[in-house]
Amino acid sequence: MVSKTSSSGQKAEAKPAPRIGVIGAGIMGSNHARVLAGLPDVRLVGVVDPLPEHRARATDFAGCRAFARLDELFAEGVDAVTVAAPTHLHHEIALACIERNIHVLVEKPIASSVEEGHEIVAAARRAGVTLMVGHVERFNPAVAAVKQAISGEDILSIAITRVGPFPPRMSNVGVVIDLAVHDIDLIRWFTESDIVEVQPQLSSAVAEREDIALLQFRTASGVLAHINTNWLTPFKARSVTVATRGKYVMGDLLTRQVTECFGFKPDGSYSMRHLPVGHDEPLRAELIAFIRAVRSGSQPAVTGDEGVASLEIAIRCLESPARPAVASHALKGPRRVVG
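Keep in mind it's a predicted model, so treat the numbers as computed, not measured.

A separate point is the overall build of the protein. Broken down by element type, the protein carries nine helices and 17 strands. The 339 residues of the protein split such that 51% are buried. Restricting the contact set of the protein to residue pairs at least 6 apart, pairs at least 24 apart contribute 65%. Looking at the protein as shown, the accessible area adds up to about 16800 Å², and 52% of this sits on carbon and sulfur atoms.

Have a look at this one:
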């Protein structure tokens, strides 16, 4: 145990390193374990996954113990966990942890349904434990630079593109829950306003679930927003543009280049500059923020309520009633269009 000297000259014992476990050792969970294993003043107890190959990968990534069952991790004793299991298991796992007064970071989306999300939030509130939702894109340095650039501005519109090839892993969700929920959260975070209108256009071109989504929104503050996402683009692209009354900000979330246009003149001329962008790994920054909230008891960077609100908007996009059918020759093969 390390002692520290307080401002009054008395020695105060430092808090012990929190004991943290990772539940789910897929790609994301293995990265959670890798990052946590490298953080100072944190003790990674181990990872849990029913699949031997996942446990082996996590062990290789983080050099930690691996368990096949959740109760084995509980038996070792943990103060906090990160939940990177499949979404349909979030509700059951999060409640099991909260019942044991264990702090929880649950990957996005918080749950499979809004009702399950509300139950997780209510349970955490009753137990007095920290609940954070893993909307990791908020911790992308380019996103942080955009957020800072538009702080205090009168935002008019936001456009976000998040496209790429079909993921190698099979998923039980489409692009709205897998990808667009990131950007729904960013729209709410940038505008600090609720989304009140949803106009989705969805298509299933090659997959069972929607693999193309063009989503339009209006916030309570009057901001118009647009998300373009798909699994049909042969390369990854991630970009954000924000128009305000005083400037136009463009951010590439992959190259982490953020450009600001400002000083608009009547003749159409304007000034342009590149903004400074940090180099932090988003997942590392997110996990540090979670640990800080656990230690201090402060509100986490992404609350359970925020996670539920973004999930609710995503589900509204999926549940929007279909438009009247067009002429039959317009649709061929397995393509399905709703919106």
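This part takes up the sheet that holds strand β5 (residues 66–67). Within the open sheet, the six strands sit side by side as β5-β4-β3-β6-β7-β8. Their pairing is parallel. In this open sheet, the two edge strands, each paired with only one partner strand, are β5 and β8 (131–134). Judged from the two bridges that link them, strand β4 (residues 43–48) and β5 form a sheet pairing that is parallel. The residue of β5 that forms the bridge with Val 48 is Phe 67. Docked against the sheet, helix α8 (residues 282–296) engages β3 (19–23), β6 (80–83), β7 (103–107) and β8, running at close to 155° with respect to β7.

Structurally, His 103 is set in strand β7. The exposure class of His 103 is buried, given its relative accessible area of 16%. Once residues within four sequence positions are removed from consideration, His 103 is found in contact with Asp 79, Ala 80, Val 81, Val 129, Thr 130, Phe 290 and Val 294.

Further remarks concern the packing of helix α5 (residues 114–127) against helix α9 (residues 304–319). At a minimum axis distance of 9 Å, the contact between α5 and α9 shows a crossing angle of 175°. In terms of axis orientation, α5 runs roughly antiparallel to α9. The residues of α9 that touch α5, namely those facing Val 114, Gly 117, His 118, Val 121 and Arg 125, are Gly 304, Asp 305, Val 308, Leu 311, Glu 312 and Ile 315.

With that out of the way, let us pick up the environment of Gln 201. Summarising the element assignment, Gln 201 is placed in strand β10 (residues 195–204). Accessibility expressed as a relative area gives 32% for Gln 201, which makes it partly exposed. On a C-alpha basis, the gap between Gln 201 and Ile 212 in space is 8.2 Å, while along the polypeptide they are eleven residues apart.

Its 17 residues place the ends of helix α7 (residues 175–191) 23 Å apart at the C-alpha level, agreeing with the 24 Å of an ideal helix rising 1.5 Å per residue. The sharpest bend along α7 measures roughly 45° and falls at Val 181. When you tally the buried positions in α7, you get 16 out of 17 residues, the bulk of the element.

What follows is about the pairing of strand β9 (residues 155–163). In this sheet, strand β13 (residues 237–244) lies alongside β9 in antiparallel orientation, the contact comprising eight bridges. Following the sheet pairing, Ser 157 is matched in β13 by Ala 243. With seven bridges connecting them, β9 and strand β12 (residues 224–230) associate as parallel partners. Bridge pairing in β12 places Val 163 opposite Asn 230.

In the structure shown here, the tally under the stated rule is three aromatic pairs. Ring centres 5.2 Å apart and planes at 70° place the aromatic pair Phe 166 and Trp 231 in the edge-to-face group. Separated by 65 residues along the polypeptide, Phe 166 in the loop between β9 and α7 and Trp 231 in the loop between β12 and β13 bring together distant segments of the chain. For Phe 166, a relative accessible area of 36% translates into the label partly exposed. On the basis of relative accessible area, Trp 231 is assigned to the buried category, the value being 6%. Both rings, one in Phe 264 and one in Tyr 270, keep their centres 5.9 Å apart while their planes meet at 55°; by these two values the pair is tilted.

Let us now look at the packing of helix α4 (residues 90–99) against α5. Contact geometry for α4 and α5: axes closest at 10 Å, N-to-C directions at 5°. By the criterion of interaxial angle, the relationship of α4 to α5 is roughly parallel. Of the residues in α5, those touching α4 at His 90, His 91, Ala 94, Leu 95 and Ile 98 are Glu 116, Glu 119, Ile 120, Ala 123, Ala 124 and Ala 127. When the residues that make up the contact of α4 with α5 are grouped by side-chain class, the tally is seven nonpolar, two polar and two charged.

Take unusual backbone geometry next. Omega for the peptide link from Lys 108 to Pro 109 comes to -15°, which places this bond in the cis form. You can see Pro 109 is positioned in the loop between β7 and α5. Located in the positive-phi region is Arg 256, a residue other than glycine, with phi close to 60°. Within the fold, Arg 256 resides in the loop between β14 (247–252) and β15 (257–262). A relative accessible area of 26% places Arg 256 in the partly exposed class.

How each quantity is defined
Residues numbered from 1 in each chain as written. Predicted model: local features only at pLDDT ≥ 70, side-chain atom pairs only at ≥ 80, totals over all residues. Heavy atoms only, no water. Helix = DSSP H or I, 4+ residues; strand = E, 2+ residues; numbered from the N terminus. Buried < 20%, exposed > 50% of the residue type's maximum accessible area, 1.4 Å probe, protein only. Contact = heavy atoms within 4.5 Å. Areas by Shrake-Rupley, 256 points an atom, 1.4 Å probe, with all protein chains shown as cover. Pairing = 2+ DSSP bridges. Axes fitted to C-alpha atoms, helices over the stretch in contact; angles between N-to-C directions. Parallel < 35°, antiparallel > 145°, perpendicular 65-115°, else oblique. Expected span 1.5 Å × (residues − 1). Bend = angle between axes of the 7 residues up to and from the residue. Phe/Tyr/Trp six-rings, centres within 6.5 Å; stacked < 30°, edge-to-face > 60°. Nonpolar A, V, L, I, M, F, W, Y, C, P; charged D, E, K, R; others polar.

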